[in-house]
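# Structure assessment
Listed here are the chains, written in short residue letters.
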Amino acid sequence: MTYITKPKLHHPTLPKNALGFTRRDYEGKISTLCAGCGHDSISAALIQACWELEIEPHRVAKLSGIGCSSKTPDYFLGNSHGFNTVHGRMPSVLTGANLANRELLYLGVSGDGDSASIGLGQFAHAMRRGVDMTYIVENNGVYGLTKGQFSATADQGSKSKKGAINSDTPIDLVSLALQLGASYVARSFSGDKEQLVPLMKGALRHRGAAFIDVVSPCVAFNNHAGSTKSYDYVRAHNEAVNRLDFMPRRDAITASYSPGEIIEVTQHDGSVLRLRKLAVGYDPGDRLAAMSHIAAHEARGEILTGLLYVDGSADDLHGHLKTVKQPLNQLGEAQLCPGAGVLAAINAELA
Ligand SMILES: Cc1ncc(C[n+]2csc(CCOP(=O)(O)OP(=O)(O)O)c2C)c(N)n1
Ligand code: SF4
Ligand SMILES: [Mg+2]
């Protein structure tokens, strides 16, 4: 957490949206993450998406768990509601808040450790229940905050900063979200704002469980198999400064590529990601086809990005439970306690 706020003064010529807000009005505190961390690029994309959608900041509730990724809601939408929950528990707290007040826009920000390790059960139930939310996982394959242990999304065979090899099979959250019934499922890369901002805008406007897996390189701990050179680099350069907890300054990785194209992105550790952007003619309306498409590309070592699946007519948890439209704190005593007559009628039905 940082207590350092940005200056309130805005340049008078900054463009404003229809609400009269500049992008600066959607910012938060100054980030304390490592320079070049992919998570900061995701925060910037969220700021852009909310500004472009002309969302009133006070209508947003941002919730997160624990991790570098879960710290990021402090760095955007400083005028929105926020709640930093316990590790892996963001989905249940968000579900409760959402059921109590459906008038807010719910944004859940999490990490791969927060959602695929300790919070896997919570993630699964939020998806299958269709909680109306935008669920973003800032996926770096490690527990960044606690110094780089493998998360459940780490590639099998990848090498940690300490030299340990990951022998476990990775969890693909996108495939899981599809299987569990999420009605908006997408994947992107933190450094591809061109793709990420529209995906976020779509998710924020979607009714139901919208999930975006964002591959987000960790500049400090994302070593993988084949990155021996970078492992050596980190070891050679880091030993002397470890005690100071110093992270070498890096530039955020960016990627620009067209639909249908494949791009190889070299991460800070020298490892290479093969991102494949969905082709223009791809039909995101077929859940089963999306699942097999993802699996086929995964078998070729490619990470498929884009809007993988959307069901525009999906209902959400409120629809399933037939809840009242009014937020609970606005209900009067007469609605909350309908009286002995109503209870007697219910009892009579059960007799
Ligand atoms: C109940 C509990 N268990 C373990 C921890 C320690 N812990 C804090 S953050 C974290 C992992 C975070 O990883 P991830 O969600 O991937 O976030 P990142 O830092 O990589 O963005 C762990 C294990 C904790 N805070 N609470
Ligand atoms: S440790 Fe990794 S995830 Fe955490 S702030 Fe640094 S680069 Fe980002
Ligand atoms: Mg992580």
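Here's what I pulled together on the structure shown here. (Residues numbered from 1 in each chain as written. Chains lettered and ligands numbered in written order. Predicted model: local features only at pLDDT ≥ 70, side-chain atom pairs only at ≥ 80, totals over all residues. Heavy atoms only, no water.)

## Details of the side chain of Thr-305
Counted only if it meets this: Secondary structure elements are taken from DSSP: a helix is a run of H or I of four residues or more, a strand is a run of E of two residues or more, and numbering for both begins at the N terminus. The cut-offs for exposure are 20% and 50% of the maximum accessible area for each residue type, with area from a 1.4 Å probe on protein chains only; residues under the lower value are buried, those over the upper are exposed, and the others partly exposed. Polar contact criterion, stated in full: a pair of N or O atoms within 3.5 Å, where within protein one must be able to donate a hydrogen and the other to accept it, and residues adjacent in sequence count only if both atoms are side-chain atoms. We call two residues in contact when some of their heavy atoms are within 4.5 Å.
With respect to the helices and strands, the residue Thr-305 is situated in strand S11 (residues 303-310). With a relative accessible area of 0%, Thr-305 lands in the buried category. At 3.0 Å, the side chain of Thr-305 forms a polar contact with the side chain of Gln-195. Those residues in contact with Thr-305, other than ones at most four positions away along the chain, are Arg-187, Ser-188, Gln-195, Tyr-257, Leu-275, Arg-276, Lys-277 and Leu-278.

## A look at the nonpolar core
To keep things clear, this is the line we draw: Within this scheme, the nonpolar core is defined by two criteria: the residues are buried Ala, Val, Leu, Ile, Met, Phe, Trp, Tyr or Cys, and they are joined through side-chain atoms within 4.5 Å.
Formed by 30 residues in total, the largest nonpolar core has its most connected members in Met-127, Met-133, Tyr-135 and Phe-211. For this core, the leading source of residues is helix H6 (residues 173-180), giving four residues. Residues contacting Phe-211, with those up to four places away along its chain left out, are Phe-123, Met-127, Tyr-135, Val-137, Leu-173, Val-174, Ala-177, Tyr-184, Val-185 and Ala-186. Grouped together as the second largest cluster of nonpolar side chains are 28 residues, Ala-45, Ile-55, Val-197 and Ala-210 included.

## A few points about the coordination of the magnesium ion (ligand 3)
So the rule is basically this: Each metal's donors comprise the N, O and S atoms found within 2.8 Å of it (within 3.2 Å for Na, K or Ca). Water is not part of the atom list, so some coordination spheres may appear incomplete.
Distances from the magnesium ion (ligand 3) to its protein donors, namely Asp-112 (OD), Asn-140 (OD1) and Val-142 (O), fall within the range 2.1 to 2.3 Å. Counting residues between consecutive donors of the magnesium ion (ligand 3) along the chain gives the motif D-x27-N-x1-V. On the basis of relative accessibility, which here comes to 10%, the residue Asn-140 falls in the buried class. Accessibility expressed as a relative area gives 8% for Val-142, which makes it buried.

## Remarks on helix H7 (residues 193-205)
Stated precisely, the cut-off is as follows: Given a helix with a known number of residues, its expected span is that number minus one, times 1.5 Å.
With 13 residues, H7 extends 18 Å from end C-alpha to end C-alpha; this agrees with the ideal 18 Å at 1.5 Å per step. Residues of H7 that are buried: Gln-195, Leu-196, Val-197, Leu-199, Met-200, Ala-203 and Leu-204.

## Topic: the site of ligand 1
To be explicit about the condition: Any residue with a heavy atom positioned within 4 Å of a molecule or strand is treated as near that molecule or strand.
Taken together, 17 residues form the shell around ligand 1, and within it Cys-68, Ser-69, Gly-113, Asp-114 and Gly-144 come nearest. Separating an oxygen atom of ligand 1 from a side-chain N or O atom of Asp-112 is a distance of 3.0 Å. Residue Gly-144 places a main-chain N or O atom 2.8 Å away from an oxygen atom belonging to ligand 1. Listing elements by their share of the shell around ligand 1, those giving two or more residues are helix H2 (68-71), helix H4 (112-117) and strand S5 (142-143). It is H4 that contributes the most residues to the shell around ligand 1, three residues altogether.

## Regarding the site of ligand 2
Put simply, the test is: Each residue gets one label: Ala, Val, Leu, Ile, Met, Phe, Trp, Tyr, Cys and Pro are nonpolar, Asp, Glu, Lys and Arg are charged, and the others, such as Gly, are polar.
Surrounding ligand 2, one finds Leu-33, Cys-34, Cys-37, His-39, Cys-68, Asn-140, Gly-144, Cys-218, Val-219, Ala-220 and Phe-221. Classifying every residue of the shell around ligand 2 by side-chain character gives eight nonpolar, three polar and no charged.

## Observations concerning the environment of Arg-287
Relative to the helices and strands, Arg-287 resides in helix H9 (residues 287-299). For Arg-287, a relative accessible area of 24% corresponds to the partly exposed category. C-alpha separation for the pair Arg-287 and Gly-181, spaced 106 residues apart in sequence, amounts to 8.9 Å. Of the polar contacts made by the side chain of Arg-287, one reaches the backbone oxygen of Ala-182; its length is 3.1 Å.

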